Amino acid sequence: MNLFWKIYSVVLVLFIVVICLVTLQVSSRRIAETETLLIEHHRLTGSMVSSEVQRWHAEGKWPFAALRKLAGQDNFLFWWIVADDKTIYLADKVEYVGTDSGAYFPAIRERLKSAGEDGKVVLNRAENYGIFSQVFTVGNERWSFWLGFSTGAIREAKTKIIFSTLFYSLIALVFLGGFLLVIVRQFLKPLKELSQGTKKIGEGDLAYRLNTKGRDEIDLVAEAFNQMAASLQRDISKRAQAEKALKESEGLYRSLVENINMGITLIDQDHNIVMANTAQGRMFNKTASEFSGKKCFQEFEKRDQICPHCPGVGAMEKGLPAETIAQGQRDDGSTFTVNIKAFPLQVESGQKKGFIEVVEDITEQIKMERELLKVKKLESVGVLAGGIAHDFNNILAAILGSINLAIIDADLKGETKKLLSEAEKATLRAKDLTQQLLTFAKGGEPVKEVSTLEDVIKDSANFVLRGDKVACHYDIPEDLWLVDIDRGQISQVVQNIVLNASHAMPEGGTIKVTSENLASVAKEGLSFAKEGRFVKISIQDSGIGMPAEVVEKIFDPYFTRKHGGSGLGLAITQSIINKHNGYISVESTPGVGSTFRAYLPASEKSQMKKKAPLVENQNSCKARILIMDDDEMLRSVANKMLARLGNEAVLSADGEEAIKLYRDAMNTNNPFDLVIMDLTIPGGMGGEEAVREILKIDSTAKVIVSSGYSNDPIMANFKDYGFCAAIVKPFLLQELSKVISKLTN
């Protein structure tokens, strides 16, 4: 209810009370006057009749006719003449005669008696009647005349007075209420406008202004109100701008603090955590609010006192940023490495208030740096191994070729042939060693094909463990995905790991080899693995195990704990897995055993390509073949092999010479049927460049690439570079014969 209606209601109620009081007073006075008049009328009537009764009685005659006429009037109920003994002597009705008058109106009788019963009127309003009593003397006796009459006339008069008074009062109230409505409304109009203005400003409409036409007190208040509103509008506008700027600044701060991928913690000078962001909570597997009010050294490193390396202490003492690397510890006991930068936090007076810590989880970074260091070591070893292995491979090629030619000599004695066969086997083993070294060579890539791992794993493991006290238990699912691998290299990986597992169990035991499909490696915690499908190979032994410091170096080149070991086995294994875009890890516990896990990308293909059987044809036509190789021994051995197969060989030391010989042969109409080129010529043109020039001379030229780098991209994809076939050095006479026969037939 607003002010207008409140004031109007109060004034109206006051007027209603006044009107009611006036109405009540007027009504009471009129009712009393009317009642008095009626009572006086009955008293006079009774007195007059009583006087007549006395006169008639004195004359000795009773006025029955007059009394009967009196009794016949409507407003008179009865008349009695009561003797001195209170017995009704005469009455308007016979049944009353001779009865005791006090038996009919005992209450009235007592009141009449107390009033002296002489010309008095007594009313009984409850029963709507009245009695007039007049005493007169009969001889020596006191007789009385009683006249009863109805008070209905009094009641009707009262009712009329009340209703008429209420009617006129109501009319007066209506007119008065309307008049008050106009007066109060006009009086309160400025106050109403002031109230509306207050409401408008309360609702935020500071542009609202009151109308100030006059100069009375309310107008002065309204003018002051307008000035106050204008001042508020200016102040609030400035405050709104300041709050907006503060809100934007706070929002930018919160966005920066909450979205940065580093932990940020506000810590007071007593090392109580005031605030931490979401990233800080995520590091410790908690919500940020769980840190509030707790000691930083207890929450972050589970210490009972301030950390000795705390950068916050130095930051507060010197007023400069401080930095350190520490180990964070979670509630479950797990640890991780963090880089902590502390910045002093000061108030305007310069008093140190605490510090801010910016925490970065560098666990994966350290792992990555270690892995990169291993890769760099492998790369440096690979460069060295590549150079040594290339030259050694050429020597082996000459040795193997010479032995191979000697063995097929028909005049050779049996014992000598046997010795040469042993030498050939030893040379082939040396060839495998050079292939291991060449795995490190720069640019070497696996010659991949779609394969199933089951055969590779079982054949490799069984070969290594043949005759050993250690057995393998395999758990390989039938639906294991296919992989794109170099079967020889992956076989080498399995052999190296299984061989290490066997050496770790000198008393014998079982090696568990399992494999499984992984739709995602996210849960494996791999640092370098890309997204996609992988096949996981696990090789677990129950041997002596390794301490943590050994596990960190297990893949380093030339690191070994075996007597007489080369330290290349696991380094080569890691290199092969890396070049297959995979990942390898190891877990080991001293006295419990070790588990190696290798992850290889699954092939996009679901079926292996069926290979057509190679039909060997030794009866190839005699061919004219150009040999290009920088090693004189290899050229000589190759010449003898080709001569043994019945072919004519022309020798060349580098690419420039080979191109000239091929062009001259074409010009003299004596072209070459085949060209065998070494891929790498130190200090000269190699096969990759030379084949392009020869194909310019003769687009139908048939060129075979030869190299000791079996995993070189050109060897793996020779057709993409213009070659027709590839043969790996060192090679046997039989292998050379197959390649030549395939191209010349």
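Scope of this entry: the structure provided in the associated data block. (Residues numbered from 1 in each chain as written. Predicted model: local features only at pLDDT ≥ 70, side-chain atom pairs only at ≥ 80, totals over all residues. Heavy atoms only, no water.)

## Quick word on the overall build of the protein chain
Counting its secondary structure elements, the protein chain contains 19 helices and 22 strands. Counting over 745 residues, the protein chain shows a buried share of 41%. A sequence separation of at least 24 residues applies to 61% of the contacts in the protein chain between residues at least 6 apart. With the model as given, the accessible surface of the protein chain reaches about 41700 Å², and the carbon-plus-sulfur share is 55%. (Helix = DSSP H or I, 4+ residues; strand = E, 2+ residues; numbered from the N terminus. Buried < 20%, exposed > 50% of the residue type's maximum accessible area, 1.4 Å probe, protein only. Contact = heavy atoms within 4.5 Å. Areas by Shrake-Rupley, 256 points an atom, 1.4 Å probe, with all protein chains shown as cover.)

## Observations concerning the packing of aromatic side chains
In the structure shown here, the tally under the stated rule is eight aromatic pairs. Considering the side-chain rings of F291 and F300, the 5.5 Å spacing of their centres and the 65 degrees angle between planes classify their relative orientation as edge-to-face. With a relative accessible area of 0%, F291 lands in the buried category. Above the plane of the ring of W481 lies R533, whose end atom (NZ or CZ) is 4.3 Å from the centre. Looking at R624, its charged tip hangs above the ring of F672, at a distance of 4.3 Å from the centre. (Phe/Tyr/Trp six-rings, centres within 6.5 Å; stacked < 30°, edge-to-face > 60°. Lys NZ or Arg CZ within 6 Å of the ring centre and 35° of its normal.)

## Structural notes on the sheet that holds strand 12 (residues 470-475)
With mixed pairing, the five strands of this open sheet are ordered in space as 12-14-15-17-16. The open sheet terminates on both sides in strands that have one partner only, identified here as strand 12 and strand 16 (583-589). Taken pair by pair, the neighbouring strands of this sheet meet at an average axis angle of 15 degrees, ignoring direction. With seven bridges connecting them, strand 14 (residues 509-518) and strand 15 (residues 534-540) associate as antiparallel partners. Across the sheet, residue E516 finds its bridge partner in strand 15, namely K536. The sheet contacts of helix 11 (residues 453-464) involve strand 12, strand 14, strand 15 and strand 17 (593-601), and relative to strand 12 the element is tilted by about 170 degrees. (Pairing = 2+ DSSP bridges. Axes fitted to C-alpha atoms, helices over the stretch in contact; angles between N-to-C directions.)

## Quick word on helix 12 (residues 487-503)
For helix 12, spanning 17 residues, the distance from its first C-alpha to its last is 24 Å, which sits close to the expected 24 Å at 1.5 Å a residue. Taking burial as the measure, the 17 residues of helix 12 include 12 buried ones, the bulk of the element. Inspection of helix 12 places Q489, I490, S491, Q492, V493, V494, N496, I497, V498, N500, A501 and S502 among the buried residues, and these make up the whole buried set. (Expected span 1.5 Å × (residues − 1).)

## Structural notes on the pattern of salt bridges
Counted under the stated rule, the structure contains 12 salt bridges. Where E587 meets R597, a salt bridge forms, and the shortest distance between an N and an O atom there is 3.5 Å. Here R597 lies in strand 17 and E587 lies in strand 16, a separation of 10 residues in the sequence. Of the charged contacts, one joins K729 and D629 as a salt bridge, the two residues approaching to 3.2 Å between their closest N and O atoms. Remark: D629 occurs in the loop between strand 18 (624-628) and helix 15 (632-644) and K729 occurs in the loop between strand 22 (725-728) and helix 19 (733-744); sequence separation between them is 100 residues. You can call K729 buried: its relative accessible area is 3%. A single salt-bridge network, built from bridges that share partners, covers K286, E299, K302 and D331. (Salt bridge = Lys/Arg side-chain N within 4 Å of Asp/Glu carboxyl O.)

## Description of a nonpolar patch on the surface
A grouping of F167, Y168, I171 and F175 is seen on the molecular surface, where their side chains present a nonpolar patch of about 490 Å² in accessible area. Position of I171 relative to the elements: it lies in helix 4 (residues 152-202). (Patch = residues over 30% accessible without salt bridge, like charges linked within 9 Å, V, L, I, M, F, W, Y side chains within 5 Å.)

## Here we look at the packing of helix 11 against helix 12
Interaxial distance between helix 11 and helix 12 falls to 8 Å at its minimum, and their mutual angle equals 45 degrees. It follows from the interaxial angle that helix 11 and helix 12 lie oblique. Between helix 11 and helix 12 the crossing geometry is right-handed. Along its contact with helix 11, which presents L453, D455, V456, I457, S460, A461, F463 and V464, the element helix 12 presents R487, I490, S491, V494, Q495, V498 and L499. Looking at the contact of helix 11 with helix 12, its residues break down into 10 nonpolar, three polar and two charged. (Parallel < 35°, antiparallel > 145°, perpendicular 65-115°, else oblique. Left-handed = near helix turned anticlockwise from the far one by under 90°. Nonpolar A, V, L, I, M, F, W, Y, C, P; charged D, E, K, R; others polar.)

## Comments concerning the nonpolar core
The biggest cluster of nonpolar side chains holds 39 residues, and the ones touching the most others in it are L453, I490, V498, I511 and L600. Sorting elements by how many residues they give to this core places helix 12 first, with six residues. Excluding residues that lie within four positions of it along the chain, L600 makes contacts with L453, V483, I485, I490, F534, V535, I537, I577 and H580. (Core = buried A, V, L, I, M, F, W, Y, C linked by side-chain atoms within 4.5 Å.)

## So, the packing of helix 15 against helix 19
With their axes 11 Å apart at the nearest point, helix 15 and helix 19 run at an angle of 65 degrees to one another. By crossing handedness, the relation of helix 15 to helix 19 is classed as right-handed. In this structure, helix 15 contributes M641, L642 and R644 to the contact, and helix 19 contributes L733, L736 and I740. Tallied by class, the residues present in the contact of helix 15 with helix 19 amount to five nonpolar, no polar and one charged.

## Some words on the sheet that holds strand 1 (residues 76-82)
The antiparallel open sheet is built from five strands, whose spatial order is 2-1-5-4-3. With one partner strand each, in any of the chains shown, strand 2 (88-91) and strand 3 (120-124) form the two edges of the open sheet. Neighbour-to-neighbour, the strand axes of this sheet turn through a mean angle of 25 degrees, independent of strand direction. As judged from the 10 bridges shared by strand 4 (residues 129-138) and strand 5 (residues 141-150), these two strands associate in the antiparallel manner. By the bridge assignment for strand 5, T137 is matched with R142.

## Considering helix 15
With 13 residues, helix 15 should reach 18 Å at 1.5 Å per residue; the first-to-last C-alpha distance of 18 Å fits that figure. Of the residues that open helix 15, the one with a side-chain oxygen 2.9 Å from the backbone nitrogen of M633 is D631. Of the residues trailing helix 15, G646 is marked for its positive phi of about 85 degrees. (Polar contact = N/O pair within 3.5 Å; in protein donor to acceptor, adjacent residues only side chain to side chain.)

## Regarding a negative patch on the surface
On the surface, D84, D85, D100 and E141 cluster together into a patch of negative charge. In this fold, D84 is placed in the loop between strand 1 and strand 2. (Lys, Arg positive; Asp, Glu negative; His and termini not counted. Charge placed at Lys NZ, Arg CZ, Asp CG, Glu CD.)

## Overview of the pairing of strand 8 (residues 322-329)
Sheet analysis places strand 8 next to strand 9 (residues 335-346), joined by eight bridges and oriented antiparallel. Paired with Q327 across the bridge in strand 9 is T337.

## Here's the deal with the state of the cysteines
Enumeration over the complete set of coordinates arrives at zero disulfides. There is no disulfide at C296, and the cysteine sulfur nearest it, in C310, is 5.6 Å away. According to the relative accessible area criterion, C296 is buried, its value standing at 6%. Accessibility expressed as a relative area gives 13% for C310, which makes it buried. (Disulfide = S-S within 2.5 Å.)

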